Amino acid sequence: MQRSLLARWGLGVLASAFVFSACGDEQVVVEPIDDPPTVDLTAPTGGAAIQPGSDVQITWTATDDNAVVGVDLFVVSAGGPAVIARDVTGSSFTWTAPNANLFAAKVRATAKDAAGQTATDESDMFAVVTHSARGYVTSNTCKNCHIGPYTEVFASGHPYKLNKVMGGPPQYPYSTVPNPPAGYSWSDITYVIGGFGWKTRYMDKDGYIFTDGVFGTLSQYNLPRSDLGYSENWVSYDAALMSPKPYNCGACHTTGWQTTAENGGVNQDGLIGIEGTWEETGITCEECHGPGATHVATQTAANIVVDNSAALCGSCHVRGDPASIPVSGGFIRHHEQYNEMLASPHAGRSCNDCHSPHIGVLYGQAAAGGIHTTCEDCHQGKTLAHVPIACESCHMARATKSAQNRDVYRADIRTHLFRINPDSLITRTDMMGGSAAADYVSLDVACYQCHKDPSGVGGSRSIKTIGQLAQRAAIIH
């Protein structure tokens, strides 16, 4: 009797069975098993970046051997689960995401049946994060997880390559830009170019760069540099240019730059002088690491760029053909470090072999980790038959000019050529006299960083002829 009832119900196990009478007709009551429900979330999918405040379609399939009476929906994040909706019927629900960033989030669906049994499924990880159409989230989002690198980067010069004016001078961690060009107020300025460490230029109400020729005033402000013996000063910039100078420098001054040809003819802030748009002013996280929306959503290293090559740095620290080193006014032009490296004995090295990618070299940052590998770390056993001087004083002489030079031998940026030619007949004219620099530092440029030449030009040390310097150079190591 029991077997026939089991066969009739198609069950392998009885939930309960009651048998009345031990010897007569048997009356058996059989209750079938009540299985718990099942649920399978089908949306949202993992790895999605969702705009705050946007509508998100949540879909699922849920089954039960009797009936699913409702589905509870939650969003789960670091703060724990929060209710989206309860007792939802059907197989979809439109959720309005919170108007705030939400990281490492998942949607959880819990299906319920009439017996109070439940089943739960969760989506893969996603994020509610403000992002652009191209997937940029900006550095303010990056700092939520990477506060250390963020703090380092924003104490360096990279984020201050371009700064929006908000009623007064932009703020910098170490330097100040006290005034706009003479005859103008901050209300006449939309953006400041630079202002960290070396020099400053300005953009007018239409986004054009201030030049002497157009605006009739000295247009470049050079910051004071006590380490180089410079006081602040105003100098000429493009005095011969009589037409407005557009801002088209965003590829190396902003994050996520697109020219007007690339973005469909859009000018940043509607300013006709700016020939393109950007995602964020200055060089910030995503200019080197790429758009971060997918990385924020998945929180995996596979979804962010980590490029330690010299070529990445060289995409900005270069001018013209990398195989040539442009010069101007008797000095290597600024932004040529990549050109110089490729011509140097260190051509096969990465910039990050010596430099921290996040920490700068000004305002004491070189010693604080900006330079993490010294010359001595690789060139061990070198002795110096000279008063104690740093390797970079000679091998990285200040032969490159950004803002200004002190004399014919000394400018304001260290060369990355490294190789010194000890031939006394080869001078700075041979090194930098044409349109392109040689692949070495001439002896006079190297030595007159510290010594004076016979006419008294150079550093603070004793006067030396080039012949005397050549004799000393032969035995300096």
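Residues numbered from 1 in each chain as written. Predicted model: local features only at pLDDT ≥ 70, side-chain atom pairs only at ≥ 80, totals over all residues. Heavy atoms only, no water.

### Let's talk about the pairing of strand E5 (residues 55-63)
Then comes step 1: Of the strand pairs in this sheet, strand E3 (residues 38-43) and E5 are connected by 5 bridges, and their pairing is antiparallel. Each residue of the ladder has a partner; that of Val-39, found in E5, is Ala-62.
Then comes step 2: Pairing geometry for E5 and strand E8 (residues 92-96), over 5 bridges, is antiparallel. Within E8, the position partnered with Asp-55 by the bridge is Thr-96. (Pairing = 2+ DSSP bridges. Helix = DSSP H or I, 4+ residues; strand = E, 2+ residues; numbered from the N terminus.)

### Concerning the sheet that holds E5
Then comes step 1: Read across the sheet, 3 strands follow the order E3-E5-E8 without closing on themselves; strand pairing throughout is antiparallel. On the outer flanks of this sheet lie E3 and E8, each paired with one strand and no other. Here the average twist between neighbouring strands, direction ignored, is 30°. (Axes fitted to C-alpha atoms, helices over the stretch in contact; angles between N-to-C directions.)

### Regarding the confidence of the model for the protein chain
Then comes step 1: Per-residue pLDDT for the protein chain has a mean of 92; in total, 93% of the residues score no lower than 70.
Then comes step 2: Confidence drops under a pLDDT of 50 for residues 1-22, and excluding neighbours within four residues, the segment shows 31 contacts in the predicted structure. (pLDDT = per-residue confidence, 0-100. Contact = heavy atoms within 4.5 Å.)

### Looking at the packing of aromatic side chains
Remark: the centre distance and the inter-plane angle together describe each pair of aromatic rings, the angle taken between the planes.
Then comes step 1: Evaluated as defined, the whole model comprises 18 aromatic pairs.
Then comes step 2: Judged by centre distance (4.0 Å) and plane angle (20°), the ring pair of Phe-210 and Phe-215 falls under stacked.
Then comes step 3: Given the relative accessible area of 0%, Phe-210 is considered buried.
Then comes step 4: Seen in terms of ring centroids, Tyr-247 and Trp-278 are 6.4 Å apart; in terms of plane orientation they differ by 85°. Their pairing is edge-to-face. In this pair, Tyr-247 sits in the loop between strand E16 (233-235) and helix H5 (250-253) while Trp-278 sits in the loop between strand E19 (276-277) and strand E20 (280-281), placing the two residues 31 residues apart along the sequence.
Then comes step 5: The buried category is assigned to Tyr-247, whose relative accessible area is 0%. (Phe/Tyr/Trp six-rings, centres within 6.5 Å; stacked < 30°, edge-to-face > 60°. Buried < 20%, exposed > 50% of the residue type's maximum accessible area, 1.4 Å probe, protein only.)

### Some thoughts on unusual backbone geometry
Then comes step 1: A cis amide bond links Ala-43 with the next residue in sequence, Pro-44, at an omega value of 5°.
Then comes step 2: Here Pro-44 shows up in the loop between E3 and strand E4 (49-50).
Then comes step 3: One non-glycine residue, Ala-104, lies in positive phi territory at about 50°.
Then comes step 4: Note that Ala-104 resides in strand E9 (residues 102-113).

### Quick word on the state of the cysteines
Then comes step 1: Counted under the stated rule, the structure contains 0 disulfides.
Then comes step 2: A disulfide-free cysteine, Cys-378 has its sulfur positioned 6.5 Å from the sulfur of Cys-354, the nearest such atom.
Then comes step 3: Residue Cys-378 is classed as partly exposed on the basis of its relative accessible area, which comes to 48%.
Then comes step 4: Cys-394 provides the cysteine sulfur closest to Cys-450, a residue in no disulfide bond, and the two sulfurs are 6.2 Å apart. (Disulfide = S-S within 2.5 Å.)

### Quick look at the sheet that holds E16
Then comes step 1: If you walk across this open sheet you meet the 5 strands as E12-E13-E14-E15-E16, and the pairing is antiparallel. Each of the sheet's edge strands pairs with one partner strand only, and the pair in question is strand E12 (162-164) and E16. The sheet shows a mean angle of 30° between the axes of neighbouring strands, direction not considered.
Then comes step 2: Strand direction decides the pairing type here: E12 and strand E13 (residues 191-194), joined by 3 bridges, are antiparallel. Residue pairing for E13: Leu-162 is matched across the bridge by Ile-193.

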